[in-house]
Amino acid sequence: MATKTFSFTLSLNDLFGSKSPQTASKVSLFSVKCSAGNGERPWKNSDARLVLEDGSIWKAKSFGASGTQVGEVVFNTSLTGYQEILTDPSYAGQFVLMTNPHIGNTGINFDDEESAQCFLSGLVIRSLSISTSNWRCEKDLGDYLAERNVMGIYDVDTRAITRRLREDGSLIGVLSTDNSKTDEELLQMSKSWDIVGIDLISGVSCKSPFEWVDRTKDEWEFSSSEGPRDTFHVVAYDFGIKHNILRRLASYGCKITVVPSTWPASETLKLNPDGVLFSNGPGDPSAVPYAVETVKDIIGKVPVFGICMGHQLLGQALGGTTYKMKFGHHGGNHPVRNLRTGRVEISSQNHNYAVDPATLPEGVEVTHINLNDSSCAGLAFPARKIVSLQYHPEASPGPHDSDNGERLQTCSTVY
Ligand SMILES: NC(=O)CC[C@H](N)C(=O)O
């Protein structure tokens, strides 16, 4: 089918006269892609379906890539940061539904990527911004998703889907723009797929070790406690690591060697690091026993720090169990209490699994809890030089309450 793009672009000069300080900037006021010819209407009709495993069917309009894709639907309550969310490898196998209704208005830039790829199954939003306006904007969200072969849908009742997920728990869904597939076929597809028990980290991890040197750029640096370079040598296990975790470590002065998820513990120990970081990563921590074995072989020998998946793997390596939560925590507004200090941090979170603290051995301390549901949000085991967090101290996106150098100091000096 022929497609035409109608695009109207005005400069700020046109709008505000030549006194505007940013006369070179352009604001794309209206850009709509629609079908043309044969009396077709100049707006887009619903052309996609999201079929959930509970049998509900949600009609929507597609943007980005087309096709048919299966995944677990989770909702994210962040108000900003859709680009960081799209590039967080921990969303592999999942559709991210943004509860913020208006998405796409700041476009896409080259600086906010959390990894080199988008690993998520698709994006579900209420309203797709018809214009992009930001000084860093390089392209619009739809073009970006199409380039990266990621499906997106808009004009769907995201509040209603979120309420369903809150009541019934996470659901598997199939998103399709393919009219030749019946609703029943898509429903069967959603029922015959599961995210539990699948090793998703091997698909997102790097393939060979590399050094990471980039720090947080000066204009974004908010911490005054930046250390000198190469204070600590940290080996970071890449289970799907977000770039901002590495940037924050570099900003705090660490020399960083990133290694793949299958990198042997013995090779890591040969590097004689000051500390080992077990990163965030997608999927079920029980589906990656090889990673738990690696963690077991390292703990007690050097100080270690776990973030999210890394925290869950540490919980298992200590003999504890992890469980799947009803709908998990995804967003930049989760209150966490540090039980040592009583201080509350508003944190950035993205996880569907949690460590069951009742299953952990004596001596392991729960240091943080999520105040929404009292689930375990942080652990420490001084006897074996372990600290870990279920959430994201590097944020990206999210508030910076949890970003401080104390943990590095705790990890490396006190233990
Ligand atoms: N961000 C993460 O590391 C996610 C951890 C794990 N995959 C979960 O969903 O619980």
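Residues numbered from 1 in each chain as written. Predicted model: local features only at pLDDT ≥ 70, side-chain atom pairs only at ≥ 80, totals over all residues. Heavy atoms only, no water.

Naming follows an unreviewed UniProt entry, where the protein chain appears as Carbamoyl phosphate synthase small chain, chloroplastic of Trifolium subterraneum. Taken verbatim from the UniProt record of the protein chain, the Subunit (unreviewed entry) comment is "Heterodimer composed of 2 chains; the small (or glutamine) chain promotes the hydrolysis of glutamine to ammonia, which is used by the large (or ammonia) chain to synthesize carbamoyl phosphate." Per UniProt, the comment on the protein chain under Catalytic activity (unreviewed entry) is "L-glutamine + H2O = L-glutamate + NH4(+)". (UniProt positions renumbered as here; feature names shortened; annotations may be inferred.)

A. Inspection of empty space enclosed by the protein at higher detail. According to the stated counting rule, one finds 4 cavities of 30 Å³ or more in the structure shown. Empty space within the second largest cavity amounts to approximately 130 Å³. Lining of the second largest cavity is provided by 16 residues; of these, Gly281, Gly283, His351, Asn352 and Tyr353 occupy positions nearest its centre. Looking at the lining of the second largest cavity, the elements with two or more residues in it are α9 (309-317), β17 (321-338) and β18 (344-356). When residues in the lining of the second largest cavity are grouped by element, the largest group, 4 residues, is from β18. Within the lining of the second largest cavity, the residues separate by chemical class into 5 nonpolar, 9 polar and 2 charged. Looking at which domains feed residues into the lining of the second largest cavity, each of domain 2 (46-191) and domain 3 (201-414) gives three or more. (1 Å grid on protein atoms, 1.4 Å probe; cavity = no way out; pocket = protein on both sides within 12 Å on 5 of 7 lines; lining within 4 Å. Points joined across faces, edges and corners; volume = space filled by probe spheres on them. Helix = DSSP H or I, 4+ residues; strand = E, 2+ residues; numbered from the N terminus. Nonpolar A, V, L, I, M, F, W, Y, C, P; charged D, E, K, R; others polar. Domains from an automatic or database assignment.)

B. Broad picture of the UniProt feature "domain: Carbamoyl-phosphate synthase small subunit N-terminal" (unreviewed entry) in the protein chain. When the UniProt feature table is mapped onto this chain numbering, "domain: Carbamoyl-phosphate synthase small subunit N-terminal" (unreviewed entry) sits at residues 46-176. For the annotated span residues 46-176, helix accounts for 18% and strand for 34% of the residues, and the straight-line distance between the end C-alpha atoms is 11 Å.

C. Region of the structure containing the packing of aromatic side chains. Evaluated as defined, the whole model comprises 4 aromatic pairs. Here the aromatic rings of phenylalanine 63 and tyrosine 154 are separated by 5.8 Å at their centres, their planes lie at 70°, and the arrangement is edge-to-face. Of this pair, phenylalanine 63 sits in strand β4 (residues 57-64) while tyrosine 154 sits in strand β10 (residues 151-154), placing them 91 residues apart in sequence. A relative accessible area of 7% places phenylalanine 63 in the buried class. Residue classification places tyrosine 154 among the buried positions, given a relative accessible area of 16%. (Phe/Tyr/Trp six-rings, centres within 6.5 Å; stacked < 30°, edge-to-face > 60°. Buried < 20%, exposed > 50% of the residue type's maximum accessible area, 1.4 Å probe, protein only.)

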